[in-house]
Amino acid sequence: MDDYRGIADRIAADITGGRLRPGQRLPPQRVFARRRGIAPSTAGRVYAELVRRGLVVGEVGRGTFVRATAPDGQPGIALTEAAGAPLVNLELNYPSVPGQAELLAPALTSLLRPDALGQALRPAPAAGTPAAREAVAALLAGSGLRAGPERILFTGNARQAIAATLAALVRPGGRVGVEPLTYPLVKEIAARLGLVLVPLAADAEGPLPEAVAAAHRGAPLSALYLQPALHNPTSRTIGAGRLRELADCVHRLGTPVVEDRIWAFLDTGGTPPLAALAPGLVHLVDSLSKRVAPGLTVGFAVVPEDRVEAVARAVRSGGWSAGSFALEAAVRWLGDGTVDRLVAAKRQDARRRQRLVAEKLAGFAVRSDPAAYFAWWELPAPWRADTFTAAARKHGIAVTPGTAFCVDPSRTPDAVRLGLGSVSESRLARALETLAAVARGEAAGR
């Protein structure tokens, strides 16, 4: 019988229609069952279905609450923006610096000649072009990774590189170890591929090697997905000692790793990538989207020699190959120093924005790194992530609730992530001031 789905449909309609508001608490399951005249087990299935659809979130010891955002990360129908003002979007994180377009344009002049353009508009294989492989190998050498060009594959963006590597490594139903807070799109990729995400216990330094081993003993892990440098959302960077311990652990277990280095270009600490310590197991994923611009980008993966063809097949079968035009543009920007100049400018920009966070949110529990383009704000009581997200939206500010990053839905943090890179510094400063006032209860909307 699918009766529970019909009940879930009616509750979902109340949520999307605004009759149940963001942050509103649903009755305990036994009360819900009594009111509806259904069995407690059926009530449990209704609530589980609503969680699965991303409409509610359950919090241990506190209850089940209507989420502040829809499952796709867009504002729910019941939410409204501040009248007459454009939304200040601190969910997105696409850093750009003044003069960026002018800096990028000159390298494209030669690419617009008919002969060069004709070549650039042809399809590109997963292996890209020799020039692209050499350019990316040189880029990665600056981070301490000596990668042979033959190990480099290309995709349209980093998300596709993550999807391709996971698809090549893990069969449907396979287990992937991840940090307790992880990149939301990895949760989506896992759902599409039929993978099971296993949260690994961690401390302030990052995932615990003994937690990896314990999870593997419970049932073999097919792979790990980790963000060692400037972890999204907490900005934590794993130190060299813990990285060596993790490398030793995966060597003992023989477990492959997908290492996400998307934000690592901002880190000037010199910590080597995990791929440099375990090149036979680690699949390093990176892209130019944050370094350059999200609209014309290319993702790439450096994979172990014996995995190149398997990952290339996944890229081809997913239709995830990079475009030749993007590859040609990337080669030019990497070769003429444009990427280096943009990286230097964005490092300075991120530090200025972090100083704004430190100033405007002084006294609050904010975890971040001076080099990062995001901050993790552990909210003061009695705020919860979803109710604060809804209150911020009423003031025209979009933030990401901690539930978006949480792998275990029963352990939802009372925190939000602030993306700092997609609005001007002046708008960011005003938004931070408003959010601080909301958190202190000084602004209407609580």
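Reading the values: rules and limits
Residues numbered from 1 in each chain as written. Predicted model: local features only at pLDDT ≥ 70, side-chain atom pairs only at ≥ 80, totals over all residues. Heavy atoms only, no water. Pairing = 2+ DSSP bridges. Helix = DSSP H or I, 4+ residues; strand = E, 2+ residues; numbered from the N terminus. Axes fitted to C-alpha atoms, helices over the stretch in contact; angles between N-to-C directions. Contact = heavy atoms within 4.5 Å. Buried < 20%, exposed > 50% of the residue type's maximum accessible area, 1.4 Å probe, protein only.

Attention shifts here to the sheet that holds strand β11 (residues 257–260). What holds strands together in a sheet is hydrogen bonding between their backbones, with the strands either parallel or antiparallel. The strand order across the open sheet built from 7 strands is β5-β13-β12-β11-β10-β6-β7, with neighbouring strands paired in mixed fashion. Each of the sheet's edge strands pairs with one partner strand only, and the pair in question is β5 (152–155) and β7 (196–199). Between one strand axis and the next, the sheet turns through 25° on average, direction left out of account. Where β11 lies against strand β12 (residues 282–287), 4 bridges are found, and the strand directions are parallel. For Val258, the partnering residue across the bridge sits in β12 and is His283. Docked against the sheet, helix α6 (residues 130–141) engages β5, β12 and β13 (299–302), running at close to 105° with respect to β5. Contacts between helix α12 (residues 308–318) and the sheet are confined to β5 and β12, with β5 contributing the most and set at about 10° to the helix.

Following the sequence through the fold, Val257 ends up in strand β11. Apart from residues lying up to four places away in sequence, Val257 is in contact with Leu224, Leu226, Val250, Leu274, Leu281, Val282 and His283.

Next up on the list: α12. Among the residues making up α12, those that are buried are Val308, Ala310, Val311, Ala312, Ala314 and Val315. Buried residues along α12 sit in contact with β5, α7 (158–169) and β12.

Moving on to the pairing of β12. Extensive coverage of β12 is indicated by the burial of 6 of its 6 residues. Taking every second residue as pointing to the same face, both faces of β12 are buried, with Val282, Leu284 and Asp286 on one and His283, Val285 and Ser287 on the other. Here 4 bridges tie β12 to β13, and the two strands are oriented antiparallel to one another. Bridge pairing in β13 links Leu284 to Val302.

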